[in-house]
Amino acid sequence: MDNMEFESILLPGVDAKRPIVIAGPCSAETEEQVLTTAKQLSDKGIKVFRAGIWKPRTRPGSFEGVGSEGLPWLQKVKAQYGMYTTTEVATAKHVAEAIKYDIDILWIGARTSANPFAMQEIADALVGTDKIILIKNPVNPDLDLWIGSIERIYGAGIRKIGVIHRGFSSADQKIYRNLPQWHIPIELRRRYPTLPMFCDPSHIGGKRELVAPISQQAMDLNFDGLMIESHCDPDNAWSDKNQQITPDVLDYIINLLVIRDSKQSTENLSELRRQIDEMDDQLLEVLAKRMRISREIGLYKKEHNIQILQTARYNEILEDRIKQAIKFGIDGDCMQKILELIHEESIRQQMNVMNE
Ligand code: PEP
Ligand code: MN
């Protein structure tokens, strides 16, 4: 389905001005927590309230959401503060319940969008409805899987579709809880320019202090909106407490965002610099992966008593990569130097393994 066309997801009264903000707690915990948070957000001008009713938790035994009992609380948020509501659905039963309680926007979580069976079940349950559906990226960095999920919902006749970039699982959680891998949503936008895109800096960063910089990056990359976890008492939240911020802090962050004109920013130097930063991040990631593989080779050689330096293989690599580099317009000598340095570091890493 290369020619999907989407309809506007803007609800009456929600400003199209970037960023469109969806905010609210990770989970609905109690009626009081929901209403207090909603009131504080509404006072700051937030129009769309999120709260997880059914929570997909990595391990059983942690708080799995209050379930349907929380749906009337969201109805109260609508009635008392005139906000729109959104919650996560993962099964046909969730869809039916959410519709019964007038939830305006349904979002599909990252674990669900990675599962075609679950996606089809949800799509089937949506046939004949006119809901706005936001689809988070699947946990694994697979653009086709994400597009597949969008296609299933589109196939159910739904046209008011948006996506939420929430980062991708990785064993490497040094900075981010979920790696942004911005090139994936950027490619999605290139293929479907009319598809509204949100960024969820809370789940990408996993930490309060990363919400602001990731939100700014998303704005600089021309995202339409942000979904941010906000709780009236983040320290005592029942889930994801490290990444939730108070409505006050949320308001402060939103007001500090620099929103650049999208036409200007493509030509603008700082935009290009950001792209370079992103490329360097990717280069580093690939380089780190390559070194990990070198260490595995080192281990294999150690176990099989093979010497580290294999000159024929090294020459082959040099010749082949330099030829390729020249084809891409990169100077051969420059490429040779880069390869020599990489090779040197690979050998050093293999020696470390040998000496362990
Ligand atoms: C959430 O939004 O609270 C959530 C569980 O998100 P994700 O599906 O991105 O992990
Ligand atoms: Mn959460």
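**Student:** Looking at this model, I keep getting lost on helix H3 (residues 92–100). Mind explaining?
**Tutor:** Two residues of an α-helix separated by three or four positions point the same way, owing to the 3.6 residues in each turn. Those residues of H3 lying buried are His-94, Val-95, Glu-97 and Ala-98. Against the buried residues of H3 lie helix H2 (71–81), strand S3 (84–88), strand S4 (105–108) and helix H4 (116–126). The first or second residue beyond H3 is Asp-102, which carries a positive phi of 60°.

**Student:** What exactly am I supposed to notice about the coordination of the manganese ion (ligand 2) here?
**Tutor:** Each donor-metal-donor angle would ideally measure 109.5 degrees in four-coordinate tetrahedral geometry, or 90 or 180 degrees in six-coordinate octahedral geometry. Bound to the manganese ion (ligand 2) are the protein donor atoms Cys-26 (SG), His-203 (NE2), Glu-229 (OE) and Asp-240 (OD), situated 2.1 to 2.4 Å from the metal. For the manganese ion (ligand 2), the single-chain donor residues occur in sequence as C-x176-H-x25-E-x10-D. Pair noted here: Glu-229 is in strand S8 (residues 225–229) and Asp-240 is in the loop between S8 and helix H9 (247–256), with a separation of eleven residues, a long-range link.

**Student:** I'm lost on the pattern of salt bridges in this one. Help?
**Tutor:** Side chains that differ in charge, positive against negative, can pair when their charged atoms come close. This model, assessed by the stated rule, comprises 18 salt bridges. Between Lys-78 and Asp-104 there is a salt bridge, with the nearest N and O atoms lying 2.7 Å from each other. In this pair, Lys-78 is assigned in helix H2 and Asp-104 in the loop between H3 and S4, connecting sequence segments 26 residues apart. A relative accessible area of 15% places Asp-104 in the buried class. Taking the shortest distance from any N to any O, the salt bridge between Arg-208 and Asp-235 comes out at 3.0 Å. Taken as a pair, Arg-208 in the loop between helix H7 (201–205) and helix H8 (211–220) and Asp-235 in the loop between S8 and H9 lie far apart in primary sequence, 27 residues in all. Overall, the relative accessible area of 29% leaves Arg-208 in the partly exposed class. You can call Asp-235 partly exposed: its relative accessible area is 49%. Beyond isolated ion pairs, a larger network of salt bridges with shared partners links Lys-44, Asp-248 and Asp-251.

**Student:** Can you walk me through the nonpolar core in this structure?
**Tutor:** The tendency in soluble globular proteins is for nonpolar side chains to be buried side by side. Phe-49, Trp-146, Ile-150, Ile-153, Ile-161 and Leu-188 are the most contacted members of the largest nonpolar core, which totals 66 residues. Among the elements that line this core, the one with the most residues is helix H5 (residues 143–155), at six residues. If you look at the next biggest cluster of nonpolar residues, it comprises 14 residues, including Ile-9, Ile-22, Ile-132 and Phe-198.

**Student:** What's the story with the pairing of S3 in this structure? I'm lost.
**Tutor:** Side-chain direction in a regular strand flips from residue to residue, so the side chains alternate between the two faces of the sheet. In terms of burial, S3 is a largely internal element, five of the five residues being buried. Taking every second residue as pointing to the same face, both faces of S3 are buried, with Tyr-84, Thr-86 and Glu-88 on one and Thr-85 and Thr-87 on the other. Bridge count for strand S2 (residues 48–50) against S3 is three bridges, and the pairing is parallel. Bridge assignment links Phe-49 to a residue of S3, and that residue is Thr-85. Pairing analysis gives three bridges linking S3 to S4, with the strands arranged parallel. Looking at the pairing, Glu-88 lines up with Trp-107 of S4. Read as a crossover between parallel neighbours, the route from S3 over H3 to S4 is right-handed.

**Student:** Even after reading the chapter, I still don't get the site of ligand 1, so can you show me in this structure?
**Tutor:** Neighbouring residues of ligand 1: Cys-26, Arg-50, Lys-55, Glu-88, Trp-107, Gly-109, Ala-110, Arg-111, Lys-136, Arg-166, His-203 and Glu-229. Contacts to ligand 1 include Glu-229, whose side-chain N or O atom sits 3.1 Å from an oxygen atom. Taking 300 Å² as the accessible area of ligand 1 by itself, protein coverage stands at 97%. Split by residue class, the shell around ligand 1 holds three nonpolar, two polar and seven charged.

**Student:** Please clarify how the domain arrangement of the chain should be interpreted in this entry.
**Tutor:** Where interface size is quoted, it is often the accessible area lost as the parts come together. When its domains are assigned, the chain resolves into domain 1 (20–256) and domain 2 (268–355). On the domain 2 side, the residues contacting the six residues of domain 1 number five residues. Taken together, both faces of the contact between domain 1 and domain 2 bury some 510 Å²; the carbon and sulfur share is 47%. Of all residues in domain 1, the largest losses of buried area upon contact with domain 2 belong to Trp-182, His-183 and Asp-220, amounting jointly to 58% of the total for that side. In this structure, the connection of domain 1 to domain 2 is made through one salt bridge. Arg-274 is paired through a salt bridge with Asp-220; the nearest N and O atoms lie 3.4 Å apart.

Conventions adopted
- Residues numbered from 1 in each chain as written.
- Chains lettered and ligands numbered in written order.
- Predicted model: local features only at pLDDT ≥ 70, side-chain atom pairs only at ≥ 80, totals over all residues.
- Heavy atoms only, no water.
- Buried < 20%, exposed > 50% of the residue type's maximum accessible area, 1.4 Å probe, protein only.
- Helix = DSSP H or I, 4+ residues; strand = E, 2+ residues; numbered from the N terminus.
- Contact = heavy atoms within 4.5 Å.
- Donors = N, O, S within 2.8 Å, 3.2 Å for Na, K, Ca; no water.
- Salt bridge = Lys/Arg side-chain N within 4 Å of Asp/Glu carboxyl O.
- Core = buried A, V, L, I, M, F, W, Y, C linked by side-chain atoms within 4.5 Å.
- Pairing = 2+ DSSP bridges.
- Right-handed = clockwise from strand over helix to strand, strands pointing away.
- Near = heavy atom within 4 Å.
- Polar contact = N/O pair within 3.5 Å; in protein donor to acceptor, adjacent residues only side chain to side chain.
- Areas by Shrake-Rupley, 256 points an atom, 1.4 Å probe, with all protein chains shown as cover.
- Nonpolar A, V, L, I, M, F, W, Y, C, P; charged D, E, K, R; others polar.
- Domains from an automatic or database assignment.
- Buried area = accessible area lost by both parts, 1.4 Å probe.

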